[in-house]
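Structural overview
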Amino acid sequence: MHNLKSGSNSTVRDYVDEFEEKLDETDDIYKEESDGEDLSQLSEDTIWGKLKDRIYDSSLTIVFISPNMKVTWKEDKEQWIPWEISYSLKEVSRKNKNGDAITSKTNAMITVVLPDSSNSYSYYLEDKSYCTSKCRMHHIYKLFDIIRKNKFNYKNPDTNECDNKGTIWHGYCSYIEAVKWCDFISDVDKYIDEAYDRQNDISNYVIYKEVE
């Protein structure tokens, strides 16, 4: 197993490779890897045709967040990641080898936040100490809308206000939870199990599935 060095010029692919070394071949996980193809002229049916075989048979989708994940000058619908998330969240029917109609469940999901070139996660996850209990701020405005709308979407959250600094959420609060790479890679099974727990509790979340 290779270990990525802090502050190195590692690519997203490098992190995916290290993660894959921890997986069992039977794991039904879709690891989001977008390509650079222009989507502006493609119909939704065409996009689905390109993604269905990769996503349909998976039960968990992992999205790697990096500082340059989102191309700010392009609309979300012109980038691959929002579509991959959308189809991962949808219940999709297709025929199996026997010709029977089978409907896939909404995938469990995790976002894994990768460190920047300074080995910092604060561009997205920023630890704060506004009050006596430490908080972690999510800079959700940097995300694609379909991820942002599935953050802090628990129907009956446990919350409190923090000295006029905003709302603090406790426990599970997002269907698509975020975890730092360093924590995730040290205990992959824990975070995958938690994602499946949220999937089993999906009726208690407001799920957004469309790319707008």
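These notes cover the structure that comes with them. (Residues numbered from 1 in each chain as written. Predicted model: local features only at pLDDT ≥ 70, side-chain atom pairs only at ≥ 80, totals over all residues. Heavy atoms only, no water.)

1. Quick word on the packing of aromatic side chains
- By the definition in use, this model includes seven aromatic pairs.
- With centroids separated by 6.0 Å and ring planes inclined at 25°, the aromatic side chains of W83 and Y87 adopt a geometry described as stacked. Here W83 and its partner Y87 are both found in helix α3 (residues 80-89), four residues apart, which amounts to about one turn of the helix. Like Y87, W83 is buried.
- By the ring-pair criterion, three or more aromatic residues cluster together here, those being F19, F64, F184 and Y191. (Phe/Tyr/Trp six-rings, centres within 6.5 Å; stacked < 30°, edge-to-face > 60°. Helix = DSSP H or I, 4+ residues; strand = E, 2+ residues; numbered from the N terminus. Buried < 20%, exposed > 50% of the residue type's maximum accessible area, 1.4 Å probe, protein only.)

2. Quick notes on empty space enclosed by the protein
- In total, this model carries one cavity of 30 Å³ or more according to the counting rule given.
- Size it by volume and the largest cavity reaches roughly 40 Å³.
- In terms of lining, the largest cavity is formed by ten residues, of which the most central are I55, Y56, Y87, K90 and S104.
- When contributions to the lining of the largest cavity are tallied by element, the ones reaching two or more residues are α2 (44-55) and α3.
- Here the residues of the lining of the largest cavity are counted per class, giving five nonpolar, three polar and two charged. (1 Å grid on protein atoms, 1.4 Å probe; cavity = no way out; pocket = protein on both sides within 12 Å on 5 of 7 lines; lining within 4 Å. Points joined across faces, edges and corners; volume = space filled by probe spheres on them. Nonpolar A, V, L, I, M, F, W, Y, C, P; charged D, E, K, R; others polar.)

3. Some thoughts on a negative patch on the surface
- On the surface, D187, D189, D193 and D197 cluster together into a patch of negative charge.
- Take D189: its relative accessible area is 56%, and that puts it in the exposed class. (Patch = residues over 30% accessible without salt bridge, like charges linked within 9 Å, V, L, I, M, F, W, Y side chains within 5 Å. Areas by Shrake-Rupley, 256 points an atom, 1.4 Å probe, with all protein chains shown as cover. Salt bridge = Lys/Arg side-chain N within 4 Å of Asp/Glu carboxyl O. Lys, Arg positive; Asp, Glu negative; His and termini not counted. Charge placed at Lys NZ, Arg CZ, Asp CG, Glu CD.)

4. Overview of the pattern of salt bridges
- Summed over all chains, the structure comprises nine salt bridges.
- When the shortest N-O distance is used, the salt bridge between K70 and D76 registers 4.0 Å.
- Accessibility expressed as a relative area gives 23% for K70, which makes it partly exposed.
- The residue D127 makes a salt bridge to K180 at a minimum N-O spacing of 3.4 Å. Residue D127 is located in strand β6 (residues 125-128), and its partner K180 is located in strand β10 (residues 177-180); the two are separated by 53 residues in the primary sequence.
- Taking the relative accessible area as the measure of exposure, D127 reaches 47% and is therefore partly exposed.
- Through salt bridges with shared partners, one network takes in R13, D17 and E20.

5. Concerning helix α6 (residues 188-200)
- Look at α6: 19 Å from first C-alpha to last across 13 residues, which is about the 18 Å you get at 1.5 Å a residue.
- Those residues of α6 that fall on the buried side of the exposure criterion are V188, Y191, I192, A195, R198 and Q199. The arc that holds the buried residues of α6, viewed along the axis, is 115°, so those residues lie on one side. When the buried face of α6 is taken as reference, the exposed residues oriented beyond 90 degrees from it are D189 and N200. (Expected span 1.5 Å × (residues − 1). Arc of directions from axis to C-beta.)

6. With respect to the environment of I147
- Residue position: I147 is located in helix α4 (residues 145-148).
- Put simply, I147 and S86 are 61 residues apart on the chain and 9.2 Å apart in space, counted from C-alpha to C-alpha.
- With near-sequence residues (within four places) excluded, I147 lies in contact with V63, M69, I85, T111 and I176. (Contact = heavy atoms within 4.5 Å.)

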